[in-house]
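Chain and residue survey
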Amino acid sequence: MNKYFADLHIHIGAAGDGKPVKITASNNLTFENIVKESKARKGLDLIGIIDCASPRVQKDIEAMIKKGEIKEIEGGGLKYKEDIVIIPGAEIESREKNGGMVHYLAYFPFLDNLKEFSTIMEQYITNINLSSQVTGLTGSEILKIIQAAGGFMVPAHVFTPHKSFYGNAFASYNEVFTEKEWASIPAIELGLSADTDLADRLSELSDKTFLSNSDAHSIPKIAREYNVIEMEKLNFTQFKEALFRKDSKNVKENYGLDPRLGKYHRSFCPECNQKYTDQKTKEVCPNCGKKLIKGVKDRILEISDQNIIHPPHRGKYIHQIPLLDIPGIGKKTLAKLLNNFNNEMEVIHHTDFSKLKEVLNNKLAKRIEKARKGKAKIESGAGGNYGRVI
């Protein structure tokens, strides 16, 4: 088995012709830019690009295939110049029967599968060229469409207070999925404000693989969270088998933000601009009486049915702090690090402290070392505001 670095939730802001795809994402997040950045500067081996159901993106993919820059490979997936494999996907927004809205990720092996999925989804959304639009379909209905087109589903950022499975829609899978449907979903995405210690308080997740992905809306955010996946080789089939943990394939490690750095970790009153960090979950602000934006930690504690129990298959969760989140490291310093150490993976996880001091001043080198060892002081995020290293 080989180990591969994978970030499986990256957005596209615009197509190659400049037309929008994901309105809230950066315009320089094109398919081609993502692919080049992910290998050269981020050190990734496998990426999931989530807005490929857009015909505008499919046109970009076909142009790169025609130029010989990428090719479809046996087992599914797109390979870029022998360097990196792309799993094309989509993000879909449901409208559940209880009024909740949930984002679901869909992954597909080939361009033809994507086109089939797009053709079906065009009946349910306003503009197929734009990403993550509400469909009017339930999660169960979306699951059936994804599977009919040859893909599989992963619920996205499942604990965040907006448009997520547990965060604002359900307390349990059986409110929307049958047991058979739930068993066909191999994994869930934790989101930036949760880790395995929080998620493994829900017993119904014990059989699910956990993914930690960046949900990048800009180039610098690619690989702020990622996974180490053990597979024989890179392709869609092996990736899917790893999520189902078939034949010893597995997600071995999740590298993610300390949940306190996530922007919805604790509950928050937008009226009073007040964050709440005690253990007792609140529904309304004790000062003004307005409804709180419930934090991820507080929501999980509210619906959990057990103390932390990690199943034997659970990969190790390793907290990390992206380089640009470390005080004193800006774009120029980051460029200097990358020029000397190749990519961010190398700097964050492998470069000796002594080597860092040859490039940076002692103060900045120590800050990176503290971040790597989990000794950095962090102020928790809440209410849409990211936490920060202090």
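To start, this report covers the structure provided alongside it.

Thresholds applied
- Residues numbered from 1 in each chain as written.
- Predicted model: local features only at pLDDT ≥ 70, side-chain atom pairs only at ≥ 80, totals over all residues.
- Heavy atoms only, no water.
- Salt bridge = Lys/Arg side-chain N within 4 Å of Asp/Glu carboxyl O.
- Buried < 20%, exposed > 50% of the residue type's maximum accessible area, 1.4 Å probe, protein only.
- Core = buried A, V, L, I, M, F, W, Y, C linked by side-chain atoms within 4.5 Å.
- Contact = heavy atoms within 4.5 Å.
- Axes fitted to C-alpha atoms, helices over the stretch in contact; angles between N-to-C directions.
- Helix = DSSP H or I, 4+ residues; strand = E, 2+ residues; numbered from the N terminus.
- Parallel < 35°, antiparallel > 145°, perpendicular 65-115°, else oblique.
- Left-handed = near helix turned anticlockwise from the far one by under 90°.
- Nonpolar A, V, L, I, M, F, W, Y, C, P; charged D, E, K, R; others polar.
- Phe/Tyr/Trp six-rings, centres within 6.5 Å; stacked < 30°, edge-to-face > 60°.
- Lys NZ or Arg CZ within 6 Å of the ring centre and 35° of its normal.

Some words on the pattern of salt bridges
Pairs can form between side chains of opposite charge whenever their charged atoms are close. Going through the model one piece at a time under the given rule, you end up with 24 salt bridges. Across the pair Glu379 and Arg388 runs a salt bridge, and its minimum N-O distance is 3.4 Å. In this structure Glu379 comes out as partly exposed when scored by relative accessible area, which is 35%. Take Arg388: its relative accessible area is 46%, and that puts it in the partly exposed class.

Let's talk about the nonpolar core
In summary, soluble globular proteins display a tendency toward joint burial of nonpolar side chains. Ranked by size, the top nonpolar core spans 74 residues in total, and within it Phe31, Phe117, Phe159, Phe165 and Phe177 carry the most contacts. When sequence neighbours within four positions are dropped, the list of residues in contact with Phe159 reads Ser164, Tyr166, Gly167, Leu190, Ala194, Ala199, Leu202, Leu205, Val296 and Ile300.

Looking at the packing of helix 2 (residues 55–66) against helix 3 (residues 111–121)
Look at helix 2 against helix 3: their axes get within 11 Å of each other, and the N-to-C directions meet at 160 degrees. Taken together, the axis directions place helix 2 and helix 3 in an arrangement best described as roughly antiparallel. For the crossing formed where helix 2 meets helix 3, the hand is left-handed. Together, Gln58, Ile61, Glu62 and Ile65 of helix 2 and Leu111, Leu114, Lys115 and Ser118 of helix 3 make up the contact between the two elements. Across the contact of helix 2 with helix 3, the residue classes break down as four nonpolar, two polar and two charged.

With respect to the packing of helix 3 against helix 4 (residues 139–148)
Orientation of helix 3 relative to helix 4, taken along the N-to-C sense of each, is 145 degrees, at an axis distance of 9 Å. Considering how the two elements wind past one another, helix 3 and helix 4 form a crossing that is right-handed. Contact residues: Glu116, Phe117, Ile120 and Met121 in helix 3; Ile145, Ile146 and Ala148 in helix 4. Across the contact of helix 3 with helix 4, the residue classes break down as six nonpolar, no polar and one charged.

What about the packing of aromatic side chains?
The final tally for this structure, using the stated rule, is 15 aromatic pairs. Plain terms: the ring middles of Phe165 and Trp182 are 5.9 Å apart, the flat faces sit at 25 degrees to each other, and that makes the pair stacked. Here Phe165, found in helix 5 (residues 165–169), pairs with Trp182, found in helix 6 (residues 179–183); they are 17 residues apart in sequence, far enough to count as distant. Judged by relative accessible area, Phe165 falls into the buried class, the value being 1%. Taking the relative accessible area as the measure of exposure, Trp182 reaches 6% and is therefore buried. Taken together through their ring pairs, the aromatic side chains of Tyr104, Phe159, Phe165, Tyr166, Phe170, Tyr173, Phe177 and Trp182 make up a single cluster. Over the ring of Tyr386 we find Lys221; its NZ or CZ atom is 5.9 Å from the centre of that ring. The aromatic ring of Phe210 is capped on one face by Arg314, whose charged end is 3.5 Å from the ring centroid.

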